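# Overview (structure and organization)
Here are the chains, one letter per residue:
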Amino acid sequence: NREFQMFSLYQIIQEIAKKYSKSEVFIFSSYVICIVTGNSNELEEIRDILPIDIIDTAKKLLNEQVVIGISEPYNDLFQTRKAYRETITALDYMNTEENENILFIGDIERIFSKSDFLYELDEGSLLLALKTNDLSYVEEMITKSFEEISNATNYRLSILRMLVSIIYVNNIRALRETVGEMDSQFDQWYQRIIETLEYEELSVVQYELLTFCRETMEQILNNRINIKNSLVIESLEYLKENYHDSNVTLKSTSQYLNVSASYFSTIFKKETGRSFIDTLTEMKLNKAKELVLTTDYKMFEIALECGYDDQHYFSYSFKKYFGVS
């Protein structure tokens, strides 16, 4: 039972870690994460003893082989994300066939500072650019990142894989938060990019990654256009059914559509070429004209039928619109 094993491992690590220092242990994704604190000397000693203790105990109690990746130490709590990525990268290098159980990122990537630009990437700005169709920002960011990678002398593949993952995750997040659903082609596209990393030129990978981002932005843009069109169509249907209700206003209609009044007003005028009030007034008065010509209703009855509570205001509006009383 995978979940039971994971929880058992979490409990084991939690019990062991607190013997050595103040720590935080939790399950994230498919990993048990342990954040250990202490001064430089303490951490140096802990990183040699703690992993061995965990591996031996897990083997004894769970009869399972555990592998541990260890990041560089950091003084700033805000570097936790960087430490986590280093840990995952260390696990990627793990070779269990050679009985490797513990890997320090510093032992295998001594020039890891070459990929510091990955941690300086403004993912918030990237996410916003994808959502708002800011192609120039995305192109500039990807171009700059690949220039950095081309200057790296070692471990280019590891850095490249991480960059692709960062961009992919932000593309998927942009789609989830705007479109709501992700087409399976995006997952397949990601797999294709990953497969090309080892044997294609950097320029090919860069092109595929940029094309992937363009496809994301196009889908988000099309979705936004569809939403605007559907808002206008739905609002017009709503008005046709409810124009006779004197309580129908711009605010009530926007609430019905679950959007802000200012946004709806702007979209409506942009898509129809007319203001919401003008459209509603036209519907009311055209119905009034029909009733005048085809019924014997009195003026106050026609006014009520068309959504006017005030007979005098109805009379004023009718004359202003048609030019006759």
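Scroll up for the structure.
Residues numbered from 1 in each chain as written. Predicted model: local features only at pLDDT ≥ 70, side-chain atom pairs only at ≥ 80, totals over all residues. Heavy atoms only, no water.

### Looking at the pairing of strand 1 (residues 23-28)
- Looking at chain direction, strand 1 and strand 2 (residues 31-36) are connected through six bridges and run antiparallel. Across the sheet, the residue bridging to phenylalanine 26 is isoleucine 33, located in strand 2.
- Hairpin connection from strand 1 to strand 2: two residues lie between these consecutive antiparallel strands, with serine 29 at a positive phi of about 55 degrees. (Pairing = 2+ DSSP bridges. Helix = DSSP H or I, 4+ residues; strand = E, 2+ residues; numbered from the N terminus.)

### Looking at the environment of phenylalanine 276
- Secondary-structure assignment places phenylalanine 276 in helix 13 (residues 276-294).
- Overall, phenylalanine 276 belongs to the buried group, its relative accessible area being 3%.
- A sequence separation of 26 residues divides phenylalanine 276 from leucine 250, and the C-alpha atoms of the two residues are 6.8 Å apart.
- Leaving out residues up to four positions away in the same chain, phenylalanine 276 has contacts with Leu239, Thr249, Leu250, Thr253, Phe264 and Phe268. (Buried < 20%, exposed > 50% of the residue type's maximum accessible area, 1.4 Å probe, protein only. Contact = heavy atoms within 4.5 Å.)

### Comments concerning the pattern of salt bridges
- Across all of its chains, the model carries nine salt bridges by this definition.
- Here arginine 214 and glutamate 139 are joined by a salt bridge, their closest N and O atoms 2.8 Å apart. Placement of arginine 214 in helix 10 (residues 202-242) and of glutamate 139 in helix 7 (residues 135-151) is noted, with a sequence separation of 75 residues between them.
- Taking the shortest distance from any N to any O, the salt bridge between arginine 274 and glutamate 282 comes out at 2.7 Å. (Salt bridge = Lys/Arg side-chain N within 4 Å of Asp/Glu carboxyl O.)

### Observations concerning the nonpolar core
- Leu130, Val138, Ile142, Phe146, Leu160, Ile167 and Ile193 are the most contacted members of the largest nonpolar core, which totals 33 residues.
- Contributing elements (two or more residues each) for this core: helix 6 (123-132), helix 7, helix 8 (156-178), helix 9 (184-196) and helix 10.
- The greatest single-element share of this core, amounting to eleven residues, is contributed by helix 8.
- If you look at the next biggest cluster of nonpolar residues, it comprises 18 residues, including Leu9, Ile13, Ile16 and Ile70. (Core = buried A, V, L, I, M, F, W, Y, C linked by side-chain atoms within 4.5 Å.)

### Overview of helix 12 (residues 261-272)
- Here helix 12 is twelve residues long and its end C-alpha atoms lie 16 Å apart, about the 16 Å a rise of 1.5 Å per residue gives.
- Every buried residue belonging to helix 12 is among Phe264, Ile267 and Phe268, and all of these are buried. End-on, the buried residues of helix 12 take up no more than an arc of 100 degrees, which puts them together on one face. Those residues of helix 12 that are exposed and aimed more than 90 degrees away from the buried face are Ser262, Thr266 and Lys270. (Expected span 1.5 Å × (residues − 1). Arc of directions from axis to C-beta.)

### Section: helix 13
- Taking 1.5 Å of rise per residue, 19 residues should cover 27 Å, and helix 13 covers 27 Å from first to last C-alpha, within 8% of that figure.
- Within the sequence span of helix 13, burial applies to Phe276, Thr279, Leu280, Met283, Lys284, Leu285, Ala288 and Leu291.
- In this structure, the buried side of helix 13 is in contact with helix 10, helix 11 (250-257), helix 12, helix 14 (299-305) and helix 15 (311-322).

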